[in-house]
Amino acid sequence: MSQLEPALDLSLAAPPRRVMRGRLRVPGWLLLLLRNGKSRTGLAMVGFMVLIALIAPLISIAHPNDFNLLAARQSPSWHHLFGTTDQGSDIFSQVVLGARRSLLLGAVAGALATAVAATLGITAAYTGGMVDDVVNFLINVFLTIPAIPLLVVVSGYLKSRSMGTMAVVLAVVLWAFEARILRGQALQLKSRDFVQAAKAAGESTRRVVFGELVPNMISRIAAAFVLVFYIALLTDAGLEFLGLGDMTKTSWGVTLYWAQTNSTVLQGEWWPFFFPGAALAFTVLGLVLLLAGIDEVSNPRLRTERPPRRRLVALLIGGRA
């Protein structure tokens with residue numbers, strides 16, 4: 001059995017070769033994602049939001065928390081693309097500048113949770129014995145405790161709700177699900193012939209783990225990051241909407257919180273809710289499409305190949321006949 005066989009359903013279906021296109025070197029894994037329609041669309045959507053976050057100071061027309069009662073409660077217009085709040089703050093500035101904190105917090109929480117899940121899951125599967133039992137017990141404990149109530153209780157007792165603190169709290173709560181998946185995948189790969197051959201050849205544990213196991217799990221690790229990323233985005237926005245975040249900062253959840261506090265919908269003002277919610281939904285949809293594309297690229301069973309055009313025309317003509 002060759003080393004490429006387990007990669008058919010557990011990792012990307014092609015080696016990460018770099019392809020020369022003029023002077024630009026494109027990694028093989030990126031080419032595979034770009035060839036998939038879902039991941040291509042998801043990358044474009046997420047990339048657009050990241051670009052907006054990067055250039056936010058250049059395109060925002062005012063400070064997001066400035067008060068201007070003369071411009072209060074204005075509906076979307078050319079002067080205020082997303083309208084204004086009850087205090088006259090520009091909602092467009094709040095959305096584009098809030099993208100920075102929301103995206104960064106979700107990415108940091110996703111990276112931390114994925115790192116913990118991969119480290120504990122692979123270590124438990126490869127080591128076995130008492131280490132595996134302890135890690136499996138921790139995973140079961142964190143999976144048993146409801147995540148949202150736990151986050152609400154922990155956030156309520158936190159004295160500091162800075163971005164770093166919230167990212168760590170989200171990572172601690174969200175790591176267990178992916179740790180169980182990565183542990184199960186590592187257990188499957190551990191018994192494969194190429195891993196046993198590396199052990200028989202006298203390879204060190206570090207070489208076996210990082211040279212044999214991790215490369216064949218890279219797609220699942222990437223999928224874990226994307227999954228925790230958008231879950232952290234939604235969870236953090238929900239906590240901030242409930243008033244359990246840092247209300248002094250600008251983010252999508254904080255903008256929704258102030259819209260709810262000021263009862264804007266009851267006053268006929270839909271725009272303070274719609275635009276930050278639409279930005280959040282757009283980003284999450286892009287991440288979901290990217291996750292679906294990664295799954296299809298790494299697992300050939302999920303791919304849906306289109307029949308050739310001539311065959312499709314023949315099928316249509318035959319169906320009409």
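For clarity, every value in this text was computed on a predicted model and none was experimentally measured. (Residues numbered from 1 in each chain as written. Predicted model: local features only at pLDDT ≥ 70, side-chain atom pairs only at ≥ 80, totals over all residues. Heavy atoms only, no water.)

> Describe the overall build of the protein chain, and please don't skip the residues or the numbers.
In terms of helices and strands, the protein chain carries 14 helices and two strands. Scored against the burial criterion, the 321 residues of the protein chain give a buried share of 43%. A sequence separation of at least 24 residues applies to 69% of the contacts in the protein chain between residues at least 6 apart. With the model as given, the accessible surface of the protein chain reaches about 17500 Å², and the carbon-plus-sulfur share is 65%. (Helix = DSSP H or I, 4+ residues; strand = E, 2+ residues; numbered from the N terminus. Buried < 20%, exposed > 50% of the residue type's maximum accessible area, 1.4 Å probe, protein only. Contact = heavy atoms within 4.5 Å. Areas by Shrake-Rupley, 256 points an atom, 1.4 Å probe, with all protein chains shown as cover.)

> Give me the side chain of Asp132: which residues, what numbers.
If you trace the backbone, Asp132 turns up in helix α6 (residues 129-144). The class of Asp132 is buried, set by a relative accessible area of 12%. Discounting residues that sit within four places of it in the chain, Asp132 has contacts with Ala124 and Arg183.

> Can you tell me about helix α8 (residues 163-190), naming the residues and giving the values?
For α8, spanning 28 residues, the distance from its first C-alpha to its last is 38 Å, which sits close to the expected 40 Å at 1.5 Å a residue. Along α8, the sharpest change in direction is near 40° and occurs at Trp175. (Expected span 1.5 Å × (residues − 1). Bend = angle between axes of the 7 residues up to and from the residue.)

> Describe the nonpolar core, listing the residues and the values that go with them.
Proteins that are soluble and globular tend to have nonpolar side chains buried together. Membership of the largest hydrophobic core comes to 38 residues, with the highest contact counts inside it found for Leu170, Leu213 and Met217. Counting residues per element, this core draws most heavily on α8, at 13 residues. Residues Val96, Leu103, Ala223 and Val297 belong to the second largest nonpolar core, which totals 33 residues. (Core = buried A, V, L, I, M, F, W, Y, C linked by side-chain atoms within 4.5 Å.)

> Describe the confidence of the model for the protein chain, listing the residues and the values that go with them.
This prediction gives the protein chain a mean pLDDT of 81; 84% of its residues lie at or above 70. When the criterion is pLDDT under 50, residues 1-16 qualifies, and its contacts beyond four places in sequence or with other chains add up to 47 contacts. Note that residues 18-22 has pLDDT below 50 and, in this model, 10 contacts with residues that lie over four places away or in other chains. (pLDDT = per-residue confidence, 0-100.)

> Requested: an account of the packing of α6 against α8, with residues and values cited.
Packing of α6 against α8 leaves a shortest axis separation of 9 Å and a crossing angle of 130°. One finds that α6 runs oblique with respect to α8. The element α6 and its partner α8 pack so that their crossing is left-handed. Taking contact as the criterion, the partners of Asp132, Asn136, Leu138, Ile139, Asn140, Phe142 and Leu143 in α6 are, on α8, Val172, Trp175, Ala176, Phe177, Ala179, Arg180 and Arg183. Of the residues that constitute the contact of α6 with α8, the class distribution is nine nonpolar, two polar and three charged. (Axes fitted to C-alpha atoms, helices over the stretch in contact; angles between N-to-C directions. Parallel < 35°, antiparallel > 145°, perpendicular 65-115°, else oblique. Left-handed = near helix turned anticlockwise from the far one by under 90°. Nonpolar A, V, L, I, M, F, W, Y, C, P; charged D, E, K, R; others polar.)

> Describe the side chain of Asp90, and please don't skip the residues or the numbers.
Here Asp90 is to be found in the loop between α4 (56-59) and α5 (91-127). It turns out Asp90 is buried and unbridged, and the closest side chain with the opposite charge, Arg100, is 14 Å from it. Of the polar contacts made by the side chain of Asp90, one reaches the backbone nitrogen of Ser93; its length is 2.9 Å. Leave out the neighbours within four places in its chain, and Asp90 touches Ile61, His80, Gly83 and Thr84. (Lys, Arg positive; Asp, Glu negative; His and termini not counted. Salt bridge = Lys/Arg side-chain N within 4 Å of Asp/Glu carboxyl O. Polar contact = N/O pair within 3.5 Å; in protein donor to acceptor, adjacent residues only side chain to side chain.)

> Any details on the environment of Ile181? Residues and values, ideally.
Inspection of the secondary structure puts Ile181 in helix α8. You can call Ile181 partly exposed: its relative accessible area is 29%. Along the backbone, Ile181 and Ala224 are 43 residues apart, and their C-alpha atoms lie at a distance of 9.1 Å.

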